[in-house]
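So you can see what is in the structure, the chains are spelled out below.
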Amino acid sequence: MDFQHSERSLEYQGKLTEFMDECIYPAEAVYEQQMRESGDPHHFPAILDELKAEAKKRGLWNLFHPHLGAGGTSGAGNAGSAGGDSNRPGLTNAEYAPLAEIMGRSMHLAPEACNCNAPDTGNMEVFELYGTDEHREKYLEPLLSGEIRSAFAMTEPGVASSDATNVRMSMERTDGGYVLNGRKWFTSNGMHPHLKVMIVMGKTSPDAEIHRQQSMLAVPADAPGVTIVRNLPVFGYHDREGHAEVHFKDVFVPDKDILGGEGMGFKISQDRLGPGRIHHCMRAIGMAERALELMCTRAMSRTAFGKPLANRDNIRDQIAQARIDIEQARLLTMKAAWMMDTVGNKAARQEIAAIKVAAPTMALRIVDQAIQVHGGEGVTDDTPLAAMWAGLRTLRLADGPDEVHRMTIARAELRKYRDQ
């Protein structure tokens with residue numbers, strides 16, 4: 001198991017770090033000002049278009065994309081450099097891991113500036129793997145170009161949506177297609193002004209085997225019968241892209257817009273969530289690094305009760321433990337990424353589940369300690385810590401709660417002893 005970064009990954013890391021220092025961090029205050037002045041929590045600020053253009057210019061676009069490299073070659077075989085004109089650099093998961101970590105340091109700006117933000121990354125992979133040529137032309141290519149945004153509608157109120165077999169949305173067969181009725185919520189990107197398409201999961205075959213009852217359909221966001229009801233706040237924050245409640249009433253979707261065929265919904269959801277989960281973990285480590293940096297800077301600059309905070313044993317213990325925890329989480333993430341690249345997502349299932357529990361929990365604890373060191377300022381928006389805390393606490397539920405991933409790990413462990 002070799003965790004040495006490839007030359008290509010190192011080149012991208014250097015270019016991305018320069019982009020963060022020269023463009024992203026200075027833009028954070030501009031972004032906040034433009035959002036405040038607009039008076040609209042879902043406003044698309046001009047600074048984002050400027051950052052996107054600069055990221056494209058620097059070749060830092062679609063870094064997540066694993067399937068195609070420059071000129072359409074596979075990610076594993078593409079030796080193109082970061083300075084090329086590739087729209088899909090084809091990095092492996094292990095090559096992308098440190099880049100996602102760097103972008104995670106500015107979670108509201110960097111991922112979208114580089115077209116590496118959820119849920120679009122997962123949706124792009126779904127369209128590429130399971131979409132038709134029409135889907136790729138109509139949705140995938142504009143998503144890869146950053147012209148449109150997409151949403152993923154799976155979670156429903158009233159059921160435990162961490163178990164995808166609980167999905168209730170009706171996708172009733174009719175002449176030439178399906179009629180959709182039901183409610184979704186926490187539909188990420190649901191409030192984005194550039195939203196054009198939703199990938200929607202529901203039941204097409206209620207009497208089939210339990211994992212073959214669900215299907216996924218590509219639904220235009222402006223289809224008749226689709227209603228964006230409200231945006232759901234997350235710990236009081238209204239994310240710009242939104243986590244929308246969406247109602248579907250007699251929404252007709254033609255046959256051609258089913259993804260992968262009837263009964264493929266559960267499989268697609270598992271295929272989609274594997275890479276998506278590890279991307280979240282990579283970004284969480286970036287948040288933890290920035291929180292530790294802020295905590296150290298604060299501890300060095302503040303004196304309380306006649307002694308610098310940095311000289312107090314409890315603060316030093318927290319800083320030391322934070323460094324240990326970050327390094328452990330990073331190594332587990334790299335192992336999961338390496339296994340995804342070498343033996344596949346299915347074989348790496350246990351490692352993916354483990355890091356999905358470990359990384360957000362670790363990052364949340366470090367952010368919480370950084371808030372404590374900052375005192376009152378830590379719970380305001382004068383630092384990114386409060387928003388980080390809200391995002392990381394939510395991440396322990398997104399893509400499956402900790403308990404589901406622990407269940408997966410425990411089952412795999414116990415299976416070893418049943419066979420003895």
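Residues numbered from 1 in each chain as written. Predicted model: local features only at pLDDT ≥ 70, side-chain atom pairs only at ≥ 80, totals over all residues. Heavy atoms only, no water.

If you look the protein chain up in an unreviewed UniProt entry, it shows as Acyl-CoA dehydrogenase from Corynebacterium jeikeium. Taken directly from UniProt, the Sequence similarities (unreviewed entry) text for the protein chain runs: "Belongs to the acyl-CoA dehydrogenase family." Looking at the protein chain in UniProt, the text filed under Cofactor (unreviewed entry) is "FAD". (UniProt positions renumbered as here; feature names shortened; annotations may be inferred.)

Observations regarding the overall build of the protein chain
Along its length, the protein chain carries 11 helices and nine strands. Against the 2.2 N^0.38 benchmark of 22 Å for 420 residues, the protein chain shows a C-alpha radius of gyration of 22 Å, consistent with a compact globule. With the C-alpha coordinates aligned to their principal axes, the bounding extent of the protein chain is approximately 75 × 65 × 45 Å. Within the protein chain, the proportion of its 420 residues that are buried is 52%. Long-range pairs, those at least 24 residues apart, make up 74% of the contacts in the protein chain between residues at least 6 apart in sequence. (Helix = DSSP H or I, 4+ residues; strand = E, 2+ residues; numbered from the N terminus. Rg over C-alpha atoms; globule rule 2.2 N^0.38 Å. Buried < 20%, exposed > 50% of the residue type's maximum accessible area, 1.4 Å probe, protein only. Contact = heavy atoms within 4.5 Å.)

A look at the nonpolar core
Grouped together as the largest cluster of nonpolar side chains are 61 residues, with contacts concentrated most on Leu-16, Phe-19, Leu-63, Tyr-96 and Phe-127. Looking at which element gives the most residues to this core, the answer is helix H1 (residues 7–38), with nine residues. Ala-299, Ala-322, Ala-359 and Leu-395 belong to the second largest nonpolar core, which has 29 residues in total. (Core = buried A, V, L, I, M, F, W, Y, C linked by side-chain atoms within 4.5 Å.)

Side note on the environment of Asp-40
On the secondary structure map, Asp-40 appears in the loop between H1 and helix H2 (46–57). Expressed as a C-alpha distance, the spacing of Asp-40 and Glu-172, which sit 132 residues apart in the sequence, is 37 Å.

Some remarks on the domain arrangement of the protein chain
The domain boundaries assigned to the protein chain delineate domain 1 (7–148), domain 2 (152–264) and domain 3 (266–416). With 14 residues of domain 2 at the interface, the matching set in domain 3 holds 14 residues. For the pair domain 2 and domain 3, the two sides together bury roughly 1,300 Å², of which 76% comes from carbon and sulfur. Counting the contacts that link domain 2 with domain 3 gives zero salt bridges. (Domains from an automatic or database assignment. Buried area = accessible area lost by both parts, 1.4 Å probe. Salt bridge = Lys/Arg side-chain N within 4 Å of Asp/Glu carboxyl O.)

What about the UniProt feature "domain: Acyl-CoA oxidase/dehydrogenase middle" (unreviewed entry) in the protein chain?
Taking the UniProt record as the reference, the feature "domain: Acyl-CoA oxidase/dehydrogenase middle" (unreviewed entry) is found at residues 151–251. Along residues 151–251 the backbone is 0% helical and 50% strand, and the end-to-end C-alpha distance reaches 16 Å.

A word on the packing of aromatic side chains
Under the criterion given, the structure shown has three aromatic pairs. For the ring pair Trp-185 and Phe-186, a centre distance of 5.2 Å and an interplane angle of 65° mean the geometry is edge-to-face. Its relative accessible area of 24% is what places Trp-185 among the partly exposed residues. With relative accessibility at 37%, the residue Phe-186 sits in the partly exposed group. Its guanidinium or amino end placed over the ring of Trp-61, Lys-56 lies 4.7 Å from that ring's centre, counting from NZ or CZ. Stacked on the ring of Tyr-178, the Lys or Arg Arg-173 has its end atom at 4.8 Å from the ring centre. (Phe/Tyr/Trp six-rings, centres within 6.5 Å; stacked < 30°, edge-to-face > 60°. Lys NZ or Arg CZ within 6 Å of the ring centre and 35° of its normal.)

Some details on the state of the cysteines
Cysteine pairs can be linked by a disulfide, which is a covalent bond between their two sulfur atoms. Under the counting rule described, the total for this entry stands at zero disulfides. You can see Cys-116 has no disulfide; the closest cysteine sulfur is in Cys-114, sitting 5.6 Å from it. We classify Cys-116 as buried; its relative accessible area is 1%. The thiol of Cys-281 is unpaired, and the distance to the nearest cysteine sulfur, on Cys-116, comes to 16 Å. Judged by its relative accessible area of 0%, Cys-281 falls in the buried class. (Disulfide = S-S within 2.5 Å.)

Looking at the pairing of strand E5 (residues 214–220)
Buried residues dominate E5, accounting for six of its seven residues. Relative to E5, strand E4 (residues 195–203) is paired through seven bridges, and the arrangement is antiparallel. Within E5, the residue paired with Met-201 across the bridge is Met-216. (Pairing = 2+ DSSP bridges.)

A closer look at a positive patch on the surface
Where like charges cluster on the molecular surface, the positive patch consists of Lys-346, Arg-349, Arg-411, Arg-415 and Arg-418. The greatest single-element share of the positive patch, amounting to three residues, is contributed by helix H11 (residues 402–418). Residue position: Arg-415 is located in helix H11. Classification of Arg-415 by relative accessible area gives partly exposed; the value is 47%. (Patch = residues over 30% accessible without salt bridge, like charges linked within 9 Å, V, L, I, M, F, W, Y side chains within 5 Å. Areas by Shrake-Rupley, 256 points an atom, 1.4 Å probe, with all protein chains shown as cover. Lys, Arg positive; Asp, Glu negative; His and termini not counted. Charge placed at Lys NZ, Arg CZ, Asp CG, Glu CD.)

Looking at the pattern of salt bridges
Under the definition given, this model contains 24 salt bridges. A salt bridge links Asp-133 to Arg-136, with the shortest nitrogen-to-oxygen separation between them at 3.0 Å. Separated by three residues within a single helix, Asp-133 and Arg-136 lie in helix H6 (residues 133–145), roughly one turn from each other. Where Glu-289 meets Arg-330, a salt bridge forms, and the shortest distance between an N and an O atom there is 2.8 Å. Highlighted residues: Glu-289 in helix H7 (residues 265–301) and Arg-330 in helix H8 (residues 313–342), separated in sequence by 41 residues. Each member of the pair, Glu-289 as well as Arg-330, is classed as buried. Here the salt bridges share partners, and the residues they tie into one network are Glu-101, Glu-289, Arg-323, Glu-327 and Arg-330.

With respect to the side chain of Thr-204
Within the secondary structure layout, Thr-204 lies in the loop between E4 and E5. The exposure class assigned to Thr-204 is buried, which follows from its relative accessible area of 11%. Looking at Thr-204, its side chain comes within polar contact range of the side chain of Ser-215, at 2.7 Å. If sequence neighbours within four positions are ignored, Thr-204 has contacts with Met-171, Tyr-178, Gln-213, Gln-214, Ser-215, Glu-262 and Gly-263. (Polar contact = N/O pair within 3.5 Å; in protein donor to acceptor, adjacent residues only side chain to side chain.)

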